[in-house]
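Read off the chains here:
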Amino acid sequence: MKLIPVVLASGWLMAGAFAGEVSEIAEKALKQVQPGTITMKGEDGWLYSRNELSHLAAGALAGGKVTEHSKSAKKNNADPIPAIVDFNNQLKKIGVKLILVPVPPKADAAPFGGLKKGDAMVYLKPFYKELREKGVEVLDLSSIFEKSEVPVYCKQDAHWNPEGIKLAVAELVKSMKLGKGDQKFEIENQKISIVGDLMRSLDKNAKPGEEITIHTVKGNVFSQSSPVLVLGDSHTLIFSSGGDMLAVNSGFCENLAAVLSMPVERIAVKGSAASAVRVNLYRKAAKNAAWIKGKKFVIWCFSAREFTESSSGWPKVPVLKK
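Residues numbered from 1 in each chain as written. Predicted model: local features only at pLDDT ≥ 70, side-chain atom pairs only at ≥ 80, totals over all residues. Heavy atoms only, no water.

### Looking at the environment of K293
Alright, step 1. Relative to the assigned elements, K293 resides in helix α12 (residues 289–293).
Alright, step 2. Taking C-alpha positions, K293 is 43 Å from E210, a pair spaced 83 residues apart along the chain.
Alright, step 3. The contact partners of K293, leaving out residues within four places of it in the chain, are I94 and L320. (Helix = DSSP H or I, 4+ residues; strand = E, 2+ residues; numbered from the N terminus. Contact = heavy atoms within 4.5 Å.)

Structural data, given as structure tokens:
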């Protein structure tokens, strides 16, 4: 029987043949990753991460299929849904709202190899639907990224660029419905040239070759007493913590604080944020339960590829000591 693609309101297609095509294109791209690097060269200078390609090549995630593709060292931690739902329920019990913010694949808004905008979300959207049905608020940034008239990802780096951060913050603040604070931050726009991680992998001696405009926030944007806690991977550190994160004071958290007119708090890691940030939250809450109970929001932001690519997997982690 021939499979007929169905066009959904969101503009993406849902059918076995099409879904299979996305993973096949990603599988071919994986074979084009430059030997000894983490980088695949696309067109017009666009570079893509091997881990993201591996995630897209895995195929369907919903209906428990994510466990078939997970890189988790422990198979009983392969399914993200039980851990995310458990974390959400624990926070809800103490009056804290969780918003999950998976950063869409770069290939979704900057497609390659015959893919179109939106194609790279074909496996993630049904997965997000399952999470929502279990009570988790998932902020899907893909549609707003796809509509952007300017790039939302760095060409030479695996992360979103300042314009992607700006759009993500705006959508998040709409979802939070949190009244603004009384602290005003000055924002300075400045152009910088970068060498992204994907370019460095190709050439460790590469000179800065991608010019971007960062939005630098001046003032004390971090506070442990903030009602907003951001958990995240390097997407919450890029343009914020300096060094290989490319700039300082210009990242996701700084710009979130500026829009909210209040400081935020951050717990972040450069590696996988699947479990490490929850463990760090637990360690801090174990010393001071009032600290986590004083939060109104926990924003958990990480690359969507972690649903399959996290080697640590998705164990359940307590929020508070029992």
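### As for the state of the cysteines
Alright, step 1. For the coordinates displayed, the defined rule picks out zero disulfides.
Alright, step 2. The thiol of C154 is unpaired, and the distance to the nearest cysteine sulfur, on C301, comes to 14 Å.
Alright, step 3. When its relative accessible area of 0% is taken as the criterion, C154 is described as buried.
Alright, step 4. Between C253, a cysteine without a disulfide, and C301, which holds the nearest cysteine sulfur, the sulfur-to-sulfur distance is 8.2 Å.
Alright, step 5. Since its relative accessible area comes to 0%, C253 is described here as buried. (Disulfide = S-S within 2.5 Å. Buried < 20%, exposed > 50% of the residue type's maximum accessible area, 1.4 Å probe, protein only.)

### Regarding the environment of A62
Alright, step 1. In this fold, A62 is placed in the loop between α2 (50–58) and α3 (66–69).
Alright, step 2. Separated by 63 residues in sequence, A62 and K125 have C-alpha atoms that sit 8.8 Å apart.
Alright, step 3. What A62 contacts, discounting residues up to four positions off in sequence, is P126, F127 and E130.

### Digging into the pattern of salt bridges
Alright, step 1. Under the counting rule described, the total for this entry stands at ten salt bridges.
Alright, step 2. Across the salt bridge formed by K129 and E133, the nearest N and O atoms sit 2.6 Å from each other. Placement of the pair is K129 and E133 together in helix α6 (residues 124–133), with a separation of four residues, close to one helical turn. As far as the burial class goes, K129 and E133 line up, both exposed.
Alright, step 3. As a salt-bridge pair, E265 and K284 come within 2.5 Å of each other at their nearest N and O atoms. Separated by 19 residues along the polypeptide, E265 in strand β10 (residues 265–268) and K284 in helix α11 (residues 276–287) bring together distant segments of the chain.
Alright, step 4. The exposure class assigned to E265 is buried, which follows from its relative accessible area of 5%.
Alright, step 5. When its relative accessible area of 25% is taken as the criterion, K284 is described as partly exposed. (Salt bridge = Lys/Arg side-chain N within 4 Å of Asp/Glu carboxyl O.)

### Here's the deal with α2
Helical geometry note: an α-helix holds 3.6 residues per turn, so side chains three or four residues apart project in the same direction.
Alright, step 1. α2 sits mainly inside the fold: seven of its nine residues count as buried.
Alright, step 2. Among the residues making up α2, those that are buried are E52, L53, S54, H55, L56, A57 and A58.
Alright, step 3. Looking one or two residues beyond α2, the residue adopting positive phi is G59, at roughly 95°.

### Section: the nonpolar core
Alright, step 1. In this structure, W160, M176, F252, L256, W300 and F307 are the most contacted members of the largest nonpolar core, which totals 99 residues.
Alright, step 2. When neighbours within four sequence positions are excluded, F307 is seen to be in contact with V66, P80, I84, L100, P102, L124, F127, Y128, F302 and W314. (Core = buried A, V, L, I, M, F, W, Y, C linked by side-chain atoms within 4.5 Å.)

### What to know about α6
Alright, step 1. Among the residues of α6, those classed as buried are L124, K125, P126, F127, Y128 and L131.
Alright, step 2. Among the residues trailing α6, G135 stands out with phi positive, at a value near 95°.

### Description of the confidence of the model for the protein
Alright, step 1. Overall, the predicted model of the protein reaches an average pLDDT of 94, with 94% of residues at or above 70.
Alright, step 2. Of the regions scoring below 50 in pLDDT, residues 1–17 engages in 20 contacts with residues more than four places distant in sequence or in other chains. (pLDDT = per-residue confidence, 0-100.)

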